[in-house]
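Report on the structure
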Amino acid sequence: MKIGIDQIGFYTPQYFVDMNDLAESRGVEPAKFTIGIGQSEMAVAPLTQDPVTLAANAALTFLDDEMRESIDLVLFGTETGIDQSKSAGIYVHDLLDIQPYARTVEMKQACYSATAALQLAKGHIALNPNSKVLVLASDIARYGLSTAGEVTQGAGAVAMLISANPRILSLENDSAYITKDIMDFWRPNYSPYAYVDGKYSNDQYIAFFNEVWEQYKGKANRSLDDFAALCFHLPYTKMGLKALRTILDETSEANQDRLQQLYEHSTTYGRKIGNIYTASLYLGLVSLLENSETLQAGDRVGLFSYGSGAVGEFFTGILEEGYEEALQKDTHRNIFAQREKVSVAQYEEMFTERLPEDGSEIMLSNENDPAPAYVSGMKDHMRLYTRK
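Rules used throughout
Residues numbered from 1 in each chain as written. Predicted model: local features only at pLDDT ≥ 70, side-chain atom pairs only at ≥ 80, totals over all residues. Heavy atoms only, no water. UniProt positions renumbered as here; feature names shortened; annotations may be inferred. Helix = DSSP H or I, 4+ residues; strand = E, 2+ residues; numbered from the N terminus. Rg over C-alpha atoms; globule rule 2.2 N^0.38 Å. Buried < 20%, exposed > 50% of the residue type's maximum accessible area, 1.4 Å probe, protein only. Lys, Arg positive; Asp, Glu negative; His and termini not counted. Salt bridge = Lys/Arg side-chain N within 4 Å of Asp/Glu carboxyl O. Polar contact = N/O pair within 3.5 Å; in protein donor to acceptor, adjacent residues only side chain to side chain. Phe/Tyr/Trp six-rings, centres within 6.5 Å; stacked < 30°, edge-to-face > 60°. Lys NZ or Arg CZ within 6 Å of the ring centre and 35° of its normal. Pairing = 2+ DSSP bridges. Core = buried A, V, L, I, M, F, W, Y, C linked by side-chain atoms within 4.5 Å. Contact = heavy atoms within 4.5 Å. Axes fitted to C-alpha atoms, helices over the stretch in contact; angles between N-to-C directions.

Looking up the protein in an unreviewed UniProt entry gives the name Hydroxymethylglutaryl-CoA synthase, with the organism given as Candidatus Pseudogracilibacillus intestinigallinarum. Turning to the protein, the UniProt record has this under Sequence similarities (unreviewed entry): "Belongs to the thiolase-like superfamily. HMG-CoA synthase family."

Have a look at this one:
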């Protein structure tokens, strides 16, 4: 029985800041951001959008009534959850009107947790072939204004429907993974911003990739020649390329060129959104599938997931016949087309806005937020959500 991704969609807030403008404001040569880091725009979340609403809006790009009735497991991967106890997925379950007889939990391990959710979903479907699982990956990356990590911020979510006989990508079973206790990136409960050792984290990302790649080749008896494309977790678009280049000498020059060209397709959307933590790998997958004109049914795609702290995994999937017809390309293009550029000053103002931290009441207007699901306020220490 084939199990994999039947539907996939993403959502990002309507506002963005141009990285050339940000570089000029910070006194940095723009090429350092646009070429060195590989980012052209950065999504900015208004107060009416948080990880819950971003996830709900991503799922609404494809969800229909039949799916709502067949979903019996909701898995929410995030590292910017809104509550230490209640799962963010429960709010999404309600916003999406999913039938009540479903399990719903939130998962955490930095940027890796959505991959853990995907693998758990696969196991659930193996035992319950008629079920469907909604996997959500949603985050708002924040490092602070004028910090070294500011250029790698972003906001967005990816939603995936996992099922038997999937329409887009069938997941294979030969997966390689590793866990090591390292401190390359972390965020204590008392801090609104992450702590990161940038160079160390970059080095560990590449080291983890090389280790799971070698492990995978031994387990699956495959080589780089067996892959049409590779997708990577993308905290910024140049990061995956650094890892890819470490193994390119394992194949021909023609194949090297092809893999690098397809890698660029996988970064198209990320360049406009920025880092979205748990969702970054899967945004890259959507970007690859919707921007490449050479991929075809039967092609094998490799995916490298990395979550600081750290867990890494390399796994694979096979593109299904007619996968293009199941994509939400027009919807995603409209999301980008409707976005609004903001000045650096406007971005800074939006960045510093916060919901009350003492639980006091506030009501928010969605006048400037076209998203179907939004944060409508806070009352008695509870966030209030509305779906139009």
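On we go from here.
Topic: the overall build of the protein
For the protein, the helix and strand inventory stands at 13 helices and 18 strands. For a compact globule of 388 residues, the expected C-alpha radius of gyration is about 21 Å, and the protein comes in at 20 Å, within 12% of that figure. In terms of principal-axis extent, the alpha carbons of the protein reach across some 60 × 55 × 40 Å. A buried classification covers 61% of the 388 residues belonging to the protein.

Concerning the side chain of Asp 299
Structurally, Asp 299 is set in the loop between α11 (280-291) and β13 (300-307). No salt bridge is formed by the buried Asp 299. Its closest oppositely charged neighbour is Arg 258, at 6.6 Å. From its side chain, Asp 299 meets the backbone nitrogen of Gln 296 in a polar contact 2.9 Å long.

So, the packing of aromatic side chains
Tallied over the entire structure, the rule returns 25 aromatic pairs. A centroid spacing of 6.1 Å and a plane angle of 70 degrees characterise the contact between Phe 232 and Tyr 263, whose relative ring orientation is edge-to-face. Of this pair, Phe 232 sits in strand β12 (residues 229-232) while Tyr 263 sits in helix α9 (residues 253-266), and the two are 31 residues apart along the sequence. By relative accessible area, which is 1% here, Phe 232 ends up buried. For Tyr 263, a relative accessible area of 1% puts it in the buried group. Stacked on the ring of Tyr 91, the Lys or Arg Lys 86 has its end atom at 4.2 Å from the ring centre. Directly above the ring of Phe 351 sits Arg 142, whose terminal nitrogen or CZ lies 3.9 Å from the centroid.

Here's the deal with the pattern of salt bridges
Counted under the stated rule, the structure contains 17 salt bridges. Taking the shortest distance from any N to any O, the salt bridge between Lys 341 and Asp 21 comes out at 3.2 Å. Linking Lys 341 in strand β15 (residues 340-342) with Asp 21 in helix α1 (residues 19-26), this pair joins segments that are 320 residues apart in sequence. Judged by its relative accessible area of 27%, Asp 21 falls in the partly exposed class. The partner of Arg 339 in a salt bridge is Glu 41, with the nearest N and O atoms 2.4 Å apart. Taken together, the positions of Arg 339 in the loop between α12 (329-337) and β15 and Glu 41 in strand β3 (residues 41-44) put the pair 298 residues apart, joining distant regions of the chain. Among the charged side chains, a network of salt bridges with common partners joins Glu 172, Asp 174, Arg 222 and Arg 300.

Remarks on the pairing of strand β14 (residues 311-319)
The element β14 is largely enclosed, with a buried count of nine among its nine residues. The alternating pattern of β14 places Val 311, Glu 313, Phe 315, Gly 317 and Leu 319 and Gly 312, Phe 314, Thr 316 and Ile 318 on opposite faces, both of which are buried. Bridging between strand β8 (residues 169-171) and β14 involves three bridges; their strand directions are antiparallel. Note on β14: the bridge partner recorded for Leu 169 is Leu 319. Of the strand pairs in this sheet, strand β9 (residues 176-179) and β14 are connected by four bridges, and their pairing is antiparallel. Looking at β14, one finds that Ala 176 is bridged to Phe 314.

Some points on the nonpolar core
Counting 86 residues, the largest nonpolar core has Ile 8, Leu 134, Leu 136, Met 160, Ile 162, Leu 285 and Leu 295 as the members making the most contacts within it. For this core, the leading source of residues is strand β7 (residues 154-164), giving eight residues. Those residues in contact with Leu 136 that lie beyond four places of it in its chain are Ala 55, Ala 59, Val 74, Leu 75, Phe 76, Gly 77, Val 92, Val 158 and Ala 159. Grouped together as the second largest cluster of nonpolar side chains are 43 residues, Ala 176, Trp 213, Tyr 236 and Met 350 included.

Concerning the sheet that holds strand β2 (residues 15-18)
With mixed pairing, the three strands of this open sheet are ordered in space as β3-β2-β15. Each edge of the open sheet carries a strand with a single partner, namely β3 and β15. Neighbour-to-neighbour, the strand axes of this sheet turn through a mean angle of 40 degrees, independent of strand direction. Two elements, β2 and β3, share four bridges in a ladder whose sense is antiparallel. Bridged to Asp 18 within β3 is Glu 41. Each of β2, β3 and β15 touches α1; the most contacted strand, β2, lies at about 55 degrees to it. In the packing of helix α13 (residues 344-352) onto the sheet, contacts are made with β2, β3 and β15, and the angle to β15 comes to roughly 90 degrees.

Quick look at the UniProt feature "active site" (unreviewed entry) in the protein
In the UniProt entry, the feature "active site" (unreviewed entry) is given for Glu 79, Cys 111 and His 233. When its relative accessible area of 13% is taken as the criterion, Glu 79 is described as buried. Setting aside anything within four residues of it in sequence, one finds Glu 79 in contact with Ala 110, Cys 111, Asp 139, Phe 185, Arg 187, Tyr 277 and Thr 278. For Glu 79, the side chain forms a polar contact with the main-chain nitrogen of Cys 111, separated by 3.2 Å. For His 233, the residues in contact, after removing those within four places along its chain, are Cys 111, Tyr 205, Asn 275, Tyr 277, Ser 280, Leu 281, Phe 304 and Tyr 306.

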